[in-house]
Amino acid sequence: MVLKIGVIGTGAIGREHIDRLTNTIAGAKIVAVTDVNQVAAQDTIEMYGLDAVVYPDDHRLIAADNVDAVVITSWGPAHEESVLAAIAAGKAVFCEKPLAATAAGAKRIVTAEMASGTKLVQVGFMRRYDAGYLGLKEAIANHAIGAPLMVHCAHRNPTVDERYSTEMAISDTLIHEIDVLHWLIADDYQSVRIDFPRNTKQAREGLRDPQIATLKTKNGVIITVEIFVNCQYGYDIQCEIVGEDGIVKLPEFSNIITRKSGQLRQSILADWKDRFTRAYDVELQAFIDALKTKGEPTGPSAWDGYIAAVTADACIAAQTSGQEEKIDLEEMPAFYR
Ligand SMILES: NC(=O)c1ccc[n+]([C@@H]2O[C@H](COP(=O)([O-])OP(=O)(O)OC[C@H]3O[C@@H](n4cnc5c(N)ncnc54)[C@H](O)[C@@H]3O)[C@@H](O)[C@H]2O)c1
Ligand SMILES: O[C@H]1[C@H](O)[C@@H](O)[C@H](O)[C@@H](O)[C@H]1O
């Protein structure tokens, strides 16, 4: 059986996911697309040779009889409305991060999903499918480094466009670490503080860059994440976990090493699209397979999206207060256990 998919948002990652759902992933077919930019939606159909219909908006795409499941790749603030519409229609939905722009929005999704009585939502936290992070998780679970004490991370983008704001460093960028780190060390966040080092001259007027998030967990682990989105030199994701018996670290993204002219060289990736290609493939294949075999998604859930949204709200509050802000999570409902 082939699952018929409707895609909302045909921008950068929308096209990436359309390409992989069409050419890499088994068991799915794109039958519908929409974008507020209808020309972009039409162009996408032509670009990938899709046998698909362009719908005028997300609601009509979700309601289409031949759409079995929905993939949301529109701008973050538009996600909540489309996810709620998919839940109301009883259709499974893969939503790119963030699940919603605020914790209140994510909570509305959780409430609607629980009321529907069926798990329908998967959030695009693809780092949980990345071989490097999975290796770190396995090492911690196997007590290879004893209890984690500290985590040091960096999330660096070469540049960002003019729409990118100081808050987006949290809601669009840090959100990946927010999700993956508590999952990695199996701990809950308790508080966060944000510090702003000297600003880079490369940032556009008004953008605070870089930033350092310091998260504390319930077990006393201290996590530091450098967010630096105008680092210029490449796309660089670092994560090192310091335990009581040793240290584990993400591998450098595999690339050939050249010895030439008295130099040892290894190139650095320039784009997020290349760093997590395999993880995106695996997460979307898992989404399709789970719908077919279990009737519901089994990947990062709406509750995971809610945890990330509550934490992101506290980070954004910490950006302006300059203080340590508490991260208050409700208890996970039995529905998500
Ligand atoms: N998981 C990841 O690594 C990853 C990577 C990139 C982007 N993302 C996320 O994916 C989302 C899209 O990012 P992008 O880089 O592709 O942005 P983009 O600006 O390139 O594309 C977004 C598209 O959505 C369309 N759109 C906006 N609102 C819409 C609506 N209500 N209905 C239909 N279409 C709408 C826009 O016209 C645009 O074409 C963001 O939430 C972003 O955070 C995730
Ligand atoms: O900071 C960017 C992240 O590094 C990418 O992985 C994407 O999520 C992108 O949307 C963000 O703007």
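If you're wondering where the values come from, they're calculated on a predicted model, not measured in any experiment. Note on numbering: residues in each chain are counted from 1, in written sequence order. Chain A is the first chain written and ligand 1 is the first ligand written, with later ones labelled in order. Only residues with pLDDT of at least 70 are given local features in this predicted model, and only at 80 or more are side-chain atom pairs given and counted; all residues enter the totals for whole chains, interfaces and linings.

**Remarks on the packing of helix α1 (residues 12-23) against helix α9 (residues 277-293)**
Consideration 1: Interaxial distance between α1 and α9 falls to 10 Å at its minimum, and their mutual angle equals 65°. As for how α1 packs across α9, the hand of that crossing is right-handed. Residues E16, H17, R20 and L21 of α1 form the contact with α9, whose participating residues are Y280, D281 and L284.
Consideration 2: Each residue gets one of three labels, nonpolar for Ala, Val, Leu, Ile, Met, Phe, Trp, Tyr, Cys and Pro, charged for Asp, Glu, Lys and Arg, and polar for the others, Gly among them. Within the contact of α1 with α9, the residues separate by chemical class into 3 nonpolar, 1 polar and 3 charged. Throughout, an axis means a line fitted to C-alpha atoms (over the contacting stretch in the case of helices), and angles, computed between N-to-C directions, take values from 0 to 180 degrees. A run of H or I in DSSP becomes a helix once it reaches four residues, and a run of E becomes a strand once it reaches two; helices and strands are each numbered from the N terminus. Crossings are classed by handedness, with left-handed meaning an anticlockwise turn of the near helix from the far one by less than a right angle and right-handed meaning a clockwise turn. Each residue gets a C-beta atom placed from its backbone, and two residues are in contact if those atoms lie within 7 Å.

**Examining the pairing of strand β5 (residues 92-95)**
Consideration 1: As a rule, residues whose C-beta atom has 12 or fewer other C-beta atoms within 10 Å are exposed, those with 20 or more are buried, and those in between are partly exposed; C-beta atoms are placed from the backbone. Neither face of β5 is left uncovered, since the one carrying A92 and F94 and the one carrying V93 and C95 both have all their residues buried.
Consideration 2: In terms of handedness, the path from strand β4 (residues 69-72) via helix α4 (residues 79-88) over to β5 forms a crossover that is right-handed.
Consideration 3: The pairing of β5 with strand β6 (residues 121-123) spans 3 bridges and is parallel. The residue bridging C95 from the neighbouring strand is V123, located in β6.
Consideration 4: Crossover handedness for the path β5 to helix α5 (residues 103-116) to β6: right-handed. By convention a crossover is right-handed if, when the strands point away from the viewer, the path from the first strand over the helix to the second runs clockwise. By the convention used here, strands pair only if DSSP detects at least 2 bridges between them.

**Observations concerning the environment of A63**
Consideration 1: On the secondary structure map, A63 appears in helix α3 (residues 58-63).
Consideration 2: Sequence spacing of A63 and A85 is 22 residues, and the spatial spacing of their C-alpha atoms is 8.7 Å.

**Some details on the site of ligand 1**
Consideration 1: By definition, a residue lies near a molecule or strand when the C-beta atom built from its backbone is within 6 Å of it. Lining the immediate environment of ligand 1, one finds 25 residues, of which G9, G11, S74, A78 and E96 sit closest.
Consideration 2: At 3 residues, the largest contribution of residues to the shell around ligand 1 is made by α1.
Consideration 3: Partitioned by chemical class, the residues of the shell around ligand 1 number 10 nonpolar, 10 polar and 5 charged.

**Some words on unusual backbone geometry**
Leaving glycine aside, a negative phi is the common case for residues, and trans is the common case for peptide bonds.
Consideration 1: At the junction of K97 and P98, the peptide bond is cis and its omega measures out at -5° in the coordinates.
Consideration 2: Summarising the element assignment, P98 is placed in the loop between β5 and α5.
Consideration 3: Cis geometry is found at the peptide bond from D209 to P210, where omega equals 5°.
Consideration 4: Along the polypeptide, P210 turns up in the loop between β8 (189-195) and β9 (211-217).
Consideration 5: For H143, which is not a glycine, the phi torsion comes out positive at approximately 60°.

**Here we look at the domain arrangement of the protein**
Consideration 1: Along its sequence, the protein is carved into domain 1 (3-124 + 277-300) and domain 2 (131-269).
Consideration 2: Each domain's extent is set by a domain assignment, obtained either automatically or from a database. One C-alpha centre belongs to domain 1, the other to domain 2, and the line joining them spans 27 Å.
Consideration 3: Taken together, the contact pairs 6 residues of domain 1 with 5 residues of domain 2.
Consideration 4: Split into classes, the residues belonging to the side of domain 1 that touches domain 2 amount to 3 nonpolar, 1 polar and 2 charged.

**Points about the sheet that holds β5**
Strands belonging to one sheet form pairs held by backbone hydrogen bonds; the direction of such a pair is parallel or antiparallel.
Consideration 1: A sheet is described by the order of its strands in space; here 6 strands give the open sequence β3-β2-β1-β4-β5-β6, paired in parallel fashion. Only two strands of the sheet have a single neighbouring strand rather than two, namely β3 (53-55) and β6. Put simply, the sheet's adjacent strands are angled 25° from each other on average, direction ignored.

**With respect to the UniProt feature "domain: Gfo/Idh/MocA-like oxidoreductase C-terminal" (unreviewed entry) in the protein**
Consideration 1: UniProt positions are given in the numbering used here, feature names are shortened, and annotations may be inferred rather than shown by experiment. When the UniProt feature table is mapped to this numbering, "domain: Gfo/Idh/MocA-like oxidoreductase C-terminal" (unreviewed entry) covers residues 137-323.
Consideration 2: Overall, residues 137-323 shows 34% helix and 26% strand. The separation of its end C-alpha atoms is 31 Å.

**Some thoughts on the packing of helix α6 (residues 131-141) against helix α7 (residues 168-185)**
Consideration 1: Axis separation between α6 and α7 bottoms out at 8 Å; the angle between their running directions is 30°. By the angle between their directions, the pair α6 and α7 is classed as roughly parallel. Mapping the contact onto sequence places Y133, L136, K137 and I140 in α6 and V180, L184 and I185 in α7.
Consideration 2: Residue composition of the contact of α6 with α7, grouped by class: 6 nonpolar, no polar and 1 charged. Angular relationships are summarised with four words: roughly parallel below 35 degrees, roughly antiparallel beyond 145, roughly perpendicular across 65 to 115, and oblique for the angles in between.

**Considerations on the nonpolar core**
Consideration 1: What we call a nonpolar core is a set of buried Ala, Val, Leu, Ile, Met, Phe, Trp, Tyr and Cys residues whose membership is set by joining through C-beta atoms within 7 Å. Within the largest apolar cluster, 86 residues are counted, with the highest numbers of intra-cluster contacts made by V93 and C315.
Consideration 2: No other element matches the 12 residues that helix α10 (residues 302-321) contributes to this core.
Consideration 3: Leave out the neighbours within four places in its chain, and V93 touches A69, V70, I72, V83, A86, L120 and V121.

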